[in-house]
Amino acid sequence: MPPASTKAAATNASADTRLSPGAPGYRRTSLALFAAGLAAFALLYSTQALLPAISAEFGATASAASWTVSAATGALALCVLPLSALSERFGRRAMMTASLTVAVAVALLVPLAPNLESLIALRALQGAALAGLPASAMAYLAEEVRPKALIAAIGLFVAGNSIGGMSGRIVTGWVAQMWGWRAGLAAVGLTSLLCVVAFRALLPKARHFTPGPLNPKVLVSSVRTHLSDPLLVRLYVIGALFMTVFGAVYTVIGYRLVEAPFSLPQGVIGSIFLVYLVGTVASAAAGKLVGRLGRRGALYLAVSTTAAGLLLSLSDSLAAVLAGLVLITAGFFAGHAVASSSVSRTAKTARAQASALYQSAYYLGSSAGGTLGAIAFHAGGWAGTVLIGLVAVLGVVSVTLYGSHSARVAARRPQLAAACN
């Protein structure tokens, strides 16, 4: 006769009405959020591969044109936390739908921007709208999908993010080569519109969401608690610094490749973002790296890989530059995966707000990296951009070493107290 605990577990499992593989709504949910991620990240970085063409049309420097990317990621960073609070009141599905709808509507206006200032303003509005997606998608899945199936569902959403970010840049690059950068942005807008229609048609209504009151005091208290945790703060800084490297490199790389000695056409430059596929592999391998090397060991390996890629990219050989991009991308995604997963394990309460703070730091790093990398490129060429990346890498090493030192000090305190007694 099975023990009572086994019976209780079986009863709870059978009573769990959340989605699992094989259930009618599970595949629809996974595909819907894949489409949402595809649209969101294609839109968020849609101008990145087009920066040289935007600079040429408006007579703008690389640092000025880079704000078409930095404004979007910066606005997203600032809006993630408040929109996560709104999703608690109005529902994840409603928030995601509103977010994507506004972002696509703005996307259809972006190609009509008459000058750089209006383009930057529209991109900032687009980034603010898109903040509602990451703020709600993870919570929706956690509420509607069984725990054992949650990792696979989140994995498909993240894959949509990665593929959307990559394909958006590739599509804009090739379309822009034939018909100009405005046509490239229009193509991404129309493609994203189709993704949003599919998202809305596929995503089942939430069955396990319970609206909560809007309570700014609780939100402020949660944020204060997380920001007073030294480990969480270090993880936020690490995420921001890794993204500073990534934002600087991929914002400026188009300018480098369009110039001599490479002189690549716009479509080929857009295709460089196929390197993102390396990031998918690196993210998947991060868990195994942590198992073998520990969290700090995995971070050191990610940092070393990123630094090696930055130095290799200084070469005037196209093959060496591409190899450098592969290493930078692998190191970044591995480091990001380690840091972001550590946040949810470290936070004991209000995990949604802890993750939202990480996303804010992450996208602020992207915004800062894009702007600083472009300024450095304008002042000192690609070597200047690489220097920004190396400084950020050194920052990750410093924060990780400080964390190791703090852990050793904390471990010695009980021993010292015992010795004194």
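Preceding block: the structure.
Definitions and cut-offs
- Counting restarts for each chain: residues are numbered from 1 in the order of the written sequence.
- For a predicted model such as this one, the threshold for reporting local features is a pLDDT of at least 70, and the threshold for listing and counting side-chain atom pairs is 80 or more; totals across whole chains, interfaces and linings nevertheless cover every residue.
- Values reported for side chains reflect all heavy atoms of the structure, with hydrogen atoms and water molecules removed beforehand.
- Numbering of helices and strands runs from the N terminus; a helix is a DSSP stretch of H or I covering at least four residues, while a strand is a stretch of E covering at least two.
- Between buried and exposed lies partly exposed: a residue is buried under 20% and exposed over 50% of the maximum accessible area for its type, with that area taken using a 1.4 Å probe on protein chains only.
- Contact criterion: two residues are considered in contact whenever any of their non-hydrogen atoms come within 4.5 Å of each other.
- The Shrake-Rupley method, run with a 1.4 Å probe sphere, supplies the accessible areas, and residue values consider only the shown protein chains as cover.
- For helices, the fitted line uses only the C-alpha atoms of the stretch in contact; every axis is such a line through C-alpha atoms, and the angle between N-to-C directions lies from 0 to 180 degrees.
- Each angle gets one of four labels, with under 35 degrees taken as roughly parallel, over 145 as roughly antiparallel, 65 to 115 as roughly perpendicular, and the rest as oblique.
- Throughout, a crossing is termed right-handed when the near helix is turned clockwise from the far one, and left-handed when it is turned anticlockwise from it by less than a right angle.
- Gly falls in the polar group here, along with every residue not listed as nonpolar (Ala, Val, Leu, Ile, Met, Phe, Trp, Tyr, Cys, Pro) or charged (Asp, Glu, Lys, Arg).
- For Phe, Tyr and Trp, where Trp contributes only its six-membered ring, two rings pair if their centres lie within 6.5 Å, and the inter-plane angle classes them as stacked under 30 degrees, edge-to-face over 60, or tilted in between.
- Sitting over a ring, as applied to charges here, requires NZ of Lys or CZ of Arg to be within 6 Å of the ring centre and within 35 degrees of the ring normal.
- Residues forming no salt bridge and having over 30% relative accessible area are the ones grouped into patches, like charges within 9 Å of each other and nonpolar side chains (Val, Leu, Ile, Met, Phe, Trp, Tyr) within 5 Å.
- Salt bridge, as used here, is a side-chain nitrogen of Lys or Arg placed within 4 Å of a carboxyl oxygen of Asp or Glu.

Chemist: Would you explain the overall build of the chain in this entry?
Modeler: Broken down by element type, the chain carries 16 helices and zero strands. Out of the 421 residues in the chain, the part that is buried amounts to 52%. Put simply, of all contacts in the chain between residues at least 6 apart along the chain, 83% involve residues at least 24 apart. Accessible area of the chain: about 18,100 Å², with a carbon and sulfur share of 70%.

Chemist: Looking at this model, I keep getting lost on the packing of helix H5 (residues 67-90) against helix H7 (residues 116-130). Mind explaining?
Modeler: Packed helix pairs are characterised by how far apart their axes lie and by the angle those axes make with each other. Where H5 meets H7, the closest approach of the two axes is 7 Å, and the angle between their N-to-C directions is 30°. When the axes of H5 and H7 are compared, the pair comes out roughly parallel. Helix-helix and strand crossings are classified by hand; for H5 and H7 the assignment is right-handed. Side by side, H5 and H7 meet where Trp 67, Thr 68, Val 69, Ala 71, Ala 72, Ala 75, Leu 76, Cys 79 and Leu 83 of the first sit next to Leu 116, Leu 119, Ile 120, Arg 123, Ala 124, Gly 127, Ala 128, Ala 129 and Leu 130 of the second. Its residues placed into classes, the contact of H5 with H7 shows 15 nonpolar, two polar and one charged.

Chemist: Looking at this structure, how should I read unusual backbone geometry?
Modeler: Backbone geometry follows two general trends: most residues other than glycine have a negative phi, and most peptide bonds adopt the trans configuration. A cis geometry characterises the amide bond from Ala 260 onward to Pro 261, with omega recorded as 10°. Among the structural elements, Pro 261 can be located in the loop between helix H12 (230-258) and helix H13 (266-271). Of note in this structure, Ser 263 is not a glycine but carries a positive phi near 50°. Its location among the elements puts Ser 263 in the loop between H12 and H13. Exposure remark for Ser 263: the relative accessible area of 49% places this residue in the partly exposed category.

Chemist: I tried to follow the packing of aromatic side chains on my own but got confused; where do I start?
Modeler: Within the structure shown, the criterion is met by 14 aromatic pairs. A centroid spacing of 6.2 Å and a plane angle of 65° characterise the contact between Phe 273 and Tyr 276, whose relative ring orientation is edge-to-face. Owing to a relative accessible area of 2%, Phe 273 belongs among the buried residues under this scheme. Chaining the aromatic ring pairs together yields one cluster made of Phe 246, Tyr 250, Phe 273, Tyr 276, Phe 332, Phe 333, Tyr 358, Tyr 362 and Tyr 363. Sitting over the face of the ring of Phe 90, Arg 89 holds its NZ or CZ atom 5.4 Å from the ring centroid.

Chemist: Help me understand the packing of helix H2 (residues 24-44) against helix H10 (residues 181-202) in this model?
Modeler: Their axes nearest at 8 Å, the elements H2 and H10 cross at an angle of 155°. Considering their axes alone, H2 and H10 lie roughly antiparallel with respect to each other. The hand of the H2/H10 crossing is left-handed. Side by side, H2 and H10 meet where Arg 28, Leu 31, Ala 32, Leu 33, Ala 35, Ala 36, Leu 38, Ala 39, Ala 42 and Leu 43 of the first sit next to Val 188, Gly 189, Ser 192, Cys 195, Val 196, Phe 199, Ala 201 and Leu 202 of the second. Here the contact of H2 with H10 is built from residues that sort into 15 nonpolar, two polar and one charged.

Chemist: In this structure, what is going on with a nonpolar patch on the surface? I would like to understand it.
Modeler: A cluster of nonpolar residues, Leu 108, Leu 190, Leu 193 and Val 197, forms a patch on the protein surface that exposes about 340 Å² of accessible area. In this structure, Val 197 sits in helix H10.

Chemist: Help me understand the side chain of Ser 55 in this model?
Modeler: With respect to the element layout, Ser 55 can be found in helix H3 (residues 51-58). For Ser 55, a relative accessible area of 7% corresponds to the buried category. Among all residues touching Ser 55, those that are not within four sequence positions of it are Ala 60, Thr 61, Ala 62, Ala 65 and Tyr 255.

Chemist: It is not clear to me how the environment of Asp 316 should be interpreted in this structure. Could you clarify?
Modeler: With respect to the helices and strands, the residue Asp 316 is situated in the loop between helix H14 (276-312) and helix H15 (318-346). Residue Asp 316 is classed as exposed on the basis of its relative accessible area, which comes to 57%. Taking C-alpha positions, Asp 316 is 8.2 Å from Phe 262, a pair spaced 54 residues apart along the chain. Ignoring sequence-local partners within four residues, the contact set of Asp 316 consists of Arg 256, Pro 261 and Phe 262.

Chemist: Just to check I follow, could you spell out the pattern of salt bridges for this structure?
Modeler: For side chains of opposite charge, pairing can occur when their charged atoms come near one another. Inspection of every chain in the model, using the stated rule, returns two salt bridges. In this structure, Arg 182 and Glu 57 form a salt bridge, with 2.9 Å as the shortest nitrogen-oxygen distance. In this pair, Arg 182 sits in helix H10 while Glu 57 sits in helix H3, placing the two residues 125 residues apart along the sequence. The exposure class of Glu 57 is partly exposed, given its relative accessible area of 43%. In this structure, the salt-bridge partner of Arg 256 is Asp 316, at a minimum N-O distance of 3.4 Å. In this pair, Arg 256 sits in helix H12 while Asp 316 sits in the loop between H14 and H15, placing the two residues 60 residues apart along the sequence. Look at Arg 256 and you get buried, because its relative accessible area is 7%.

Chemist: Explain the environment of Ala 36 to me, please; I cannot follow it from the model alone.
Modeler: Mapping Ala 36 onto the fold places it in helix H2. Residues in contact with Ala 36, not counting those within four places in the same chain, are Leu 100, Leu 133 and Phe 199.

Chemist: Please clarify how the environment of Tyr 402 should be interpreted in this entry.
Modeler: Assignment of secondary structure puts Tyr 402 in helix H16 (residues 351-420). Distance from Tyr 402 to Arg 234, taken between C-alpha atoms, is 9.1 Å for residues 168 residues apart in sequence.

Distances and angles like these do not, on their own, reveal function.
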